[in-house]
Amino acid sequence: MTKEHEIEQGLLEKLQALKYTYRPDIRDRETLERNFREKFEALNQIQLTDDEFKRLLDEIVSPDVFACSERLRHRNTFQRENGTPLHYQLVNLKDWCKNEFEVVSQLRINTRSSFHRYDVILLVNGLPLAQIELKSLQVSPRRAMQQIVEYKQDAGNGYTNTLLCFVQLFIVSNRSATWYFANNNAEHFRFDAYERFLPIYQWATADNKKVTHLDDFAEAFLAKCTLAEMISRYMVLIQTERRLVMMRPYQIYAVKAIVDCIHEHRGNGYIWHTTGSGKTLTSFKASTLLKDNPDIEKVLFVVDRKDLDRQTREEFNRFQPGCVEENTNTETLVRRLLSDDYADKVIVTTIQKLGLALDADHRKEYRKRLEPLRDKRIVFIFDECHRSQFGENHRAIREFFPRAQLFGFTGTPIFGDNATYKTIEGREARMVTTADVFDKQLHAYTITHAIEDGNVLRFHVDYYKLEGAPVRSGKTLAKQKVVEAILEKHDAATNHRRFNALLATASIDDAIEYYRLFREVQARRLQEDPDFQPLNVACVFSPPAGGNRDIAQLQEDLPQEQLDNRKDPDKKREALKEIIADYNARYGTHFSLDTFDLYYQDIQKRIKDQKYLDLPREQKIDLTIVVDMLLTGFDSQYLNTLYADKNLKYHGLIQAFSRTNRVLNDSKPYGNILDFRAQKKAVDEAITLFSGEAGERAREIWLVDPAPVVVGRLSEAVQKLQEFMQSQGLACQPEEVANLKGDEARAAFINHFKEVQRLRTQLDQYTDLDAATRTQIEDVLPTDTLLAFQGVYLDVAARLKDEQGKAADPADPVQQLDFEFVMFDSALIDYDYIMKLLERFSAKGPKKQKMTRDELIGLLRRNAKFLDEKELIEYVNTLKEGEGLSEQQIRAGYERFKAEKYARAVAEIAARHGLAPEALQGFIDGILRRMIFDPDALTELLKPLGLDWKPRNQKELTLMKDLAPLLRKLAQGKEISGLEVYDRA
C-alpha cells in the first residue's frame, strides 16, 4: 500500500510542475509569519517596523473564520505608528493570478495542547488558504472530514491564533479519491448525528465526469489561476449566517457559461439543472458577477409566483443582505428599472409584474415610461423557465428589449413530448419547447447526475393495489381505502414519523373530502384504541380570488386550483375557513382567509421544523393535503413521502416526486412515493424523457432496488457478521459481543452491524413488502435479535466514541469509525413518550396493557436518543410496578434521582482528590455558567493542597480525567470551550 509520505512527495512534485514555489524552509509559525511579512510589504509597497507588524498580526488574526474571509476579500485600513492610515490588501484583489503561489509541507505549530502536523499547505501571497491532508488508508471520506473537524477544534491548534485562520479550503485525498470542502466557524463546521452540516465535494469536468485521482485533481483544480478563481469568485460568503459555501462544479460551469455567453454576445441560452441542485445560488452568483459588468444596464431575475418572488428575494438577501429590495407592486418595479442606483442593478420580480409593466394598454402607461431602456443591454434570468416563459409575456419582453439576453433555469425542460403550449405559424400549429424559447442548452446537470453524485436521493415507488384487485391506470380508488392505506403505511414510510408527507389530490373538492375523512377516521380509531397516535393533518389550497390580486397572481401557476375555484366558490371558501379554524385550534395560531399567505407560510415552516427533535410532536405536521401548492419549488429535507391520488405526467410528475428526495443522512435512504393511480407507465415515460444521457440505465439509477434484492444484501451482511463473530470464537448472538477482545475487534463489530442496520432501515421504509418478503426478512435476522443487537451496538459505540481522538496513531481502527447514531433513533420515542410508558407501568391495572420493566429498559438501550441518559435506566429499576404514581410524580422523581446522583458524584470526586465538596461545586458552577473552562479557576481550586508545580500538574490531569465526563454530561451536548484540552491528556 502506498504510504502517506510517498503520496505527499508526488503531490509536491506535481505542484512544482504547476509552477508553485516549494518552500522547505517554512516549517513553523515564525518562518510562516516572516514569509507573509515579506509578501505583504512587497504587495503594499511599504516597510513595517517590528512593532507595526506585530500589531498588524494582532488585528488580522482571529478565531472568526468568516471575519478573516471578509478581510481577505476587501481592502482594509491599518494605523501606522506615526498616526497615518495604511490602506492595504492581503492579496492582489484586482488580479488574483498575479499573487505569489507557494507550497509548504509538514508545517508544525506546537502549542501546549496540540502537536498536529499539516501535510501540505498552499500559500497565496504568504497566506495559508488551502490545506491538503493526505491519507494512505481507505477511510470513508466522511470520517476523514470528521478528523479534520476534530483537530481543528483543538484549543490552540493554530486555526484561532495564527495565520492558519485564513484557510479557506480543506482537501482530503488518498490519491485515488479526492474531496474538498470549505472552512467555517464551529457552528457550520461539524458533523451532527442528525444532519450533515458539512457539505463535501468532488471535482468534475463540464460534462459531469468525476475527477478523483489526486494528480488529475491538482491539474484541474489546483493550477494557480484556477485555485485563485475558486477562492475569489466561486466561494460565496452567506452574510446572514456568517458561513462560507463552496459552489459545486456544475454550478461553476453554469455561471461561466452564462457570463461567457454575455461577454461574447452569443444570444440566449438555458441551464438544465435538476430540482434540488441549488439553482438559486447559481443564479445569485451569475447575477452578482454581471452586476459589475459596466455594459449591462440591469439584471432581472424573474420568477412566476408571488411566494417564489419572496422566497428568491430572501435567498438572495441571505447570501448578501440588502442586495435585492422588495418590489411591492408594478410601480416600484418600474421605478427601480429606471433607477441609476447601483443597489437597483439586480432586481428580483415576478413575470406577472413584468407583464403589467410592458402592457401597452395599462392605464398607468408604464411601458411609455420605460422607453429609455428599450435599446439598453438588459439580462433576464428566468427561474423554473418551464413554467414562466411560454406566452404573451415572453413575446412582449423580446419585442420591447431587442438587445436583451434571456437565460432560463429549469429542472425539467420542455421537450416535444411534454410540450403543452402551441404557437401558430401560418396555417400550422406546433408545440413550443425550451430550446425554441432560449435557443440553446448551455449546461446540463440532470437528476441522473445528481443521484449518482449523492446530491439527491433515488426514489422508491409503490404502486398501491388492493388485495387481489389491481388498480387500473389513472383510475381512482375509494377515498376511504386511501385513508386507511396511508394510516397503515405512514409510520413505515416516514421512518416512524421522523419525516413528513404530502398527499397530492386531483381537485380542491377531493382535498376537502380527504381532510374531513382523515378527521373522522382518526377520531373513530382514537375512540376505539387509546394508544392510537393520530397524524397531525394540515390542508392547503388557494381560496377563490374574489378580486384579490395577490391570490389571483398566486393562482396563475396553480391551474387546477384556479379552475376549481370557479365552481361553487362560496362552498370552497367556507371549507377553507373550517380547515384554518382547525389549524388554529391545534397549533394556537390566529390565521384567517385575510391572512392566507401567512397561513401558507406557517405550514411550510412546520414541515421544515420537523428537524427539531426537541420540538413537541403536537407542534409538527405529519401530513399535508394539497392540490397544486407545494408540488413545485418547495424544499425540505424532512419531507420524504408523497402519496399521489392525482394523475401526474412528465415534468409535473418529476417536480412532485422531487419534493421527497433531498439528502439528509442514513435515516432517509430514498424519497418514498405511494401511488394510488397505477401510474407506472407515466413514471417510466418521465424517467426516459428526463434521464439525460443515461438511456437504458436511467431506471436503475433513479429507482431503488426491489425489496428482494435488498433482502439478499441484508442476508449477505448478516452472513459477514456471523463469520466475523465465529472468527473471534464466538456465536453470533448479542450477548456474546461483550466477550470480544480488544478495541480492534469491537470496531469491526461496529462496522459489520452498522451495515446490517443500514439495510434494515432501508427495508423498513418500503411500503410494498408482502407477507412472504416480511417472513424472509424475519428469517434472515429475527426482530428480537435485531433489537438486542441494537442495544449492544449503542453500548459498544458509546465506549469507543470516548476513545476517539485519544490514540496517536491515525491508522487505529477506532479512529476511523463513523458511528452514524441516527440509524438507532426514533422520532416517536421521545422523553415524553417514555414518561407516559412509565406512568402506565406504575399504574394499578392489568399487566397485559403495560410494557414489562425489561421491555422498557430494552427500548431505552436501543434508542440513540437516550445514549447519555444512563440514569433513566437506573431510575426505571427503582420504580415499583403497580405503585400508582402519576406522570408528574414520575417526572419529579426522576429529577430528584438525577440531582442526588450528581451530588454523590461530586462528593466522591472531591473526596478522591482531597477537595472540599462546596469548592468543587463552585468550580463546576463557574464553568457551566460561562460554558468556558477556566485554567486559572482550576489553579485556585487546587491551591489549598499546597502542591509544587509538578505534582500540581499531575493532580490537575487526574482530577480533570474524572471531572471532564461529568461536565460534558451536565452541558447537555453544548460545547465547553477549552475542555477539549483534556480529551487527549
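Residues numbered from 1 in each chain as written. Predicted model: local features only at pLDDT ≥ 70, side-chain atom pairs only at ≥ 80, totals over all residues. Heavy atoms only, no water.

### Some thoughts on the state of the cysteines
Right, on to step 1. Within this structure, the stated rule accounts for one disulfide.
Right, on to step 2. A disulfide bridge connects C97 with C225, and the sulfur atoms are separated by 2.1 Å. On the criterion of sequence distance, the pair formed by C97 in the loop between β3 (85-88) and β4 (101-108) and C225 in helix α7 (residues 224-232) is long-range, its members being 128 residues apart.
Right, on to step 3. Judged by relative accessible area, which is 33%, C97 ranks as partly exposed.
Right, on to step 4. Under the relative-accessibility criterion, C225 is labelled partly exposed at 40%. (Disulfide = S-S within 2.5 Å. Helix = DSSP H or I, 4+ residues; strand = E, 2+ residues; numbered from the N terminus. Buried < 20%, exposed > 50% of the residue type's maximum accessible area, 1.4 Å probe, protein only.)

### Observations regarding the pairing of strand β6 (residues 127-134)
Right, on to step 1. For β6, a buried count of eight out of eight residues is recorded, marking the element as mostly surrounded by other parts of the structure.
Right, on to step 2. Summarising the sheet, strand β5 (residues 117-124) and β6 pair through five bridges and their orientation is antiparallel. Residue pairing across strands places V124 opposite L127, the latter belonging to β6.
Right, on to step 3. The antiparallel hairpin formed by β5 and β6 contains two residues in its connecting segment, where N125 sits at a positive phi of about 55°. (Pairing = 2+ DSSP bridges.)

### Side note on the sheet that holds strand β15 (residues 346-350)
Right, on to step 1. One open sheet accounts for six strands, arranged β15-β14-β16-β17-β13-β20; its pairing is parallel. Of all strands in the sheet, those bounded by a partner on one side alone are β15 and β20 (441-445). Taken pair by pair, the neighbouring strands of this sheet meet at an average axis angle of 15°, ignoring direction.
Right, on to step 2. With four bridges joining them, strand β13 (residues 269-273) and β20 adopt parallel strand pairing. Paired with W272 across the bridge in β20 is A444.
Right, on to step 3. In this fold helix α11 (residues 330-338) packs onto β14 (298-303) and β15, with an angle of close to 155° to the strand it touches most, β15. (Axes fitted to C-alpha atoms, helices over the stretch in contact; angles between N-to-C directions. Contact = heavy atoms within 4.5 Å.)

### Describing α7
Right, on to step 1. Among all positions in α7, only L227, A228, M230 and I231 are buried. Projected onto a plane normal to the axis of α7, the buried residues spread over an arc of 160° and lie on a single side. (Arc of directions from axis to C-beta.)

### Here's the deal with the environment of H496
Right, on to step 1. Structurally, the position occupied by H496 is in the loop between α18 (479-493) and β22 (500-505).
Right, on to step 2. Once the C-alpha coordinates of H496 and D764 are considered, the two residues, 268 residues apart in sequence, prove to be 9.6 Å apart.

### Considering the packing of helix α2 (residues 29-44) against helix α3 (residues 50-60)
Right, on to step 1. Relative orientation of the contacting elements α2 and α3 amounts to 100°, with a least axis distance of 12 Å. As the angle between them shows, α2 and α3 are arranged roughly perpendicular. In contact with E33, F36, R37 and F40 of α2, α3 contributes D50, F53, L56, L57 and I60. (Parallel < 35°, antiparallel > 145°, perpendicular 65-115°, else oblique.)

### Considering the packing of helix α32 (residues 853-861) against helix α33 (residues 870-878)
Right, on to step 1. Two elements in contact, α32 and α33, have axes whose closest approach is 10 Å; the angle formed by their N-to-C orientations is 175°. Of the possible angle classes, the one that applies to α32 and α33 is roughly antiparallel. Listed contacts from α33 to R853, L856, I857, L860 and R861 of α32 are L872, I873, V876, N877 and T878.
Right, on to step 2. The residue makeup of the contact of α32 with α33, split by class, is six nonpolar, two polar and two charged. (Nonpolar A, V, L, I, M, F, W, Y, C, P; charged D, E, K, R; others polar.)

### A short note on helix α27 (residues 707-727)
Side chains that are three or four residues apart share a direction in an α-helix, a result of its 3.6 residues per turn.
Right, on to step 1. Spanning 21 residues, α27 covers 30 Å between terminal C-alpha atoms, matching the ideal 30 Å at 1.5 Å per step.
Right, on to step 2. Turning to α27, its buried residues are A707, V710, V711, L714, A717, V718, L721, F724 and M725. Seen end-on, α27 carries its buried residues on one side only, within an arc spanning 140°. The exposed set on the far side of α27, more than 90 degrees from its buried face, consists of P708, E716, Q726 and S727.
Right, on to step 3. Taken from the residues just after α27, G729 is the one with a positive phi, measuring 75°. (Expected span 1.5 Å × (residues − 1).)

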